[in-house]
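Fold and geometry: a report
What follows is the residue order along each chain.
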Amino acid sequence: MVLSEFVGAIRRRWYLAVVGILVTGVLGWSASAFVAPTYTARGLVLMLPSKNAVGPGGNPFLGLGGLDLPARVVVAYYTSAPAQEAIAEVTPGAVVTVSMEESTRGPVIAIDVSADSEANAIEALDFVADSIPDTLGRLQDEVNARGNARLRSRALALDETAAIDGSGPLRARIMAVVLGLAMTAVLVYAIDGIVLRRRLAREERASSLAAHDVADDPDQDDEHIVQRLHG
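Residues numbered from 1 in each chain as written. Predicted model: local features only at pLDDT ≥ 70, side-chain atom pairs only at ≥ 80, totals over all residues. Heavy atoms only, no water.

1. Brief notes about the pattern of salt bridges
What counts, and what does not: Any Lys or Arg side-chain nitrogen located within 4 Å of an Asp or Glu carboxyl oxygen qualifies as a salt bridge. Segments assigned H or I by DSSP are reported as helices when at least four residues long, segments assigned E as strands when at least two residues long, and all are numbered from the N terminus. The rule is simple: take the accessible area with a 1.4 Å probe, protein chains only, and divide by the maximum for that residue type; under 20% is buried, over 50% is exposed, in between is partly exposed.
Evaluated as defined, the whole model comprises eight salt bridges. Between R42 and D112 there is a salt bridge, and its shortest N-O distance comes to 2.6 Å. Within this pair, whereas R42 is found in strand β1 (residues 38–48), its partner D112 is found in strand β3 (residues 108–115), the two being separated by 70 residues in sequence. Since its relative accessible area comes to 25%, D112 is described here as partly exposed. Ionic contacts of the salt-bridge type, sharing partners, join the residues R12, R13 and D192 into one network.

See the structure below:
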């Protein structure tokens, strides 16, 4: 499609382009009604050193070094199928991502939840946050960590309300507008091409008839030929 041809088609069939743009506007406005918004919630859980590592009267926040690896082991568990199945049983349809909060440079686990309702988002967040101490305990049981040698965890921050994520309806609206404009452009160009081809065919038939009449009667003038064509 040559740009000049496309621009010419739009100029000649501007009324079709206007109709297409109006229809596209309606599609874009109504597209978001078919895509439900999602709700997001977030929580942060901090790994803490064992009591043996802190010592009597020690500050656990000064002993966070070296806990990054145990925190990543906990994160890895929540990517497993059993963990995801357990979450799905509590809140079907919720998407939970457990990862390291890299911005803190410490053993902080981030929980990001996306669900179809605020209640489901908060329920999934609370479930995962509450399960981390049990998961950490079970993992330490498997390596026979006992008593004051066991690592601990505590919630740093948990959302109490979920935020509405409007990116889904917005993407649907953008896709509807882009698709509508593309279809409008293609249809206008195609219809203009059909009309031009038909016009050209009529002109060629008229020229053929005129040439035939001249061949049959060379003495007739152009005015007579035109009268016969429009007669």
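Still to come is the rest of the account.
2. Notes on the layout of surface pockets
Short version of the rule: Both cavities and pockets are sets of points on a 1 Å grid over the protein atoms alone; in a cavity a 1.4 Å probe fits but cannot get out, in a pocket the set is open with protein on both sides within 12 Å along at least five of seven lines, and lining residues sit with an atom within 4 Å of a point. Grid points are joined across faces, edges and corners, and a volume is the space filled by probe spheres set on the points. All amino acids are sorted into three groups, where Ala, Val, Leu, Ile, Met, Phe, Trp, Tyr, Cys and Pro are nonpolar, Asp, Glu, Lys and Arg are charged, and the leftover types, Gly among them, are polar.
Reported here for the largest pocket is a volume of approximately 170 Å³. Taken together, 13 residues form the lining of the largest pocket, with G20, G180, M183, T184 and L187 sitting closest to its centre. Residue assignment for the lining of the largest pocket shows that the elements contributing at least two residues are α2 (14–31) and α7 (167–216). Sorting elements by how many residues they give to the lining of the largest pocket places α7 first, with seven residues. A per-class count over the lining of the largest pocket returns nine nonpolar, four polar and no charged.

3. Describing a nonpolar patch on the surface
Heads up, the rule is: Only residues whose relative accessible area exceeds 30% and that form no salt bridge enter a patch; like-charged residues are grouped when within 9 Å of one another, and nonpolar side chains (Val, Leu, Ile, Met, Phe, Trp, Tyr) when within 5 Å. Values of accessible area rely on a 1.4 Å probe in the Shrake-Rupley scheme; residue burial ignores everything except the protein chains shown.
A cluster of nonpolar residues, L179, M183, L187, I191 and V195, forms a patch on the protein surface that exposes about 430 Å² of accessible area. Structurally, M183 can be placed in helix α7.

4. Re the UniProt feature "transmembrane region" (unreviewed entry) in the protein chain
The line we're drawing: UniProt positions are given in the numbering used here, feature names are shortened, and annotations may be inferred rather than shown by experiment.
UniProt's entry tags residues 14–39 and 174–196 with the feature "transmembrane region" (unreviewed entry), counted in the numbering of this structure. The span residues 174–196 is 100% helical and 0% strand by assignment, and the distance between its end C-alpha atoms comes to 33 Å.

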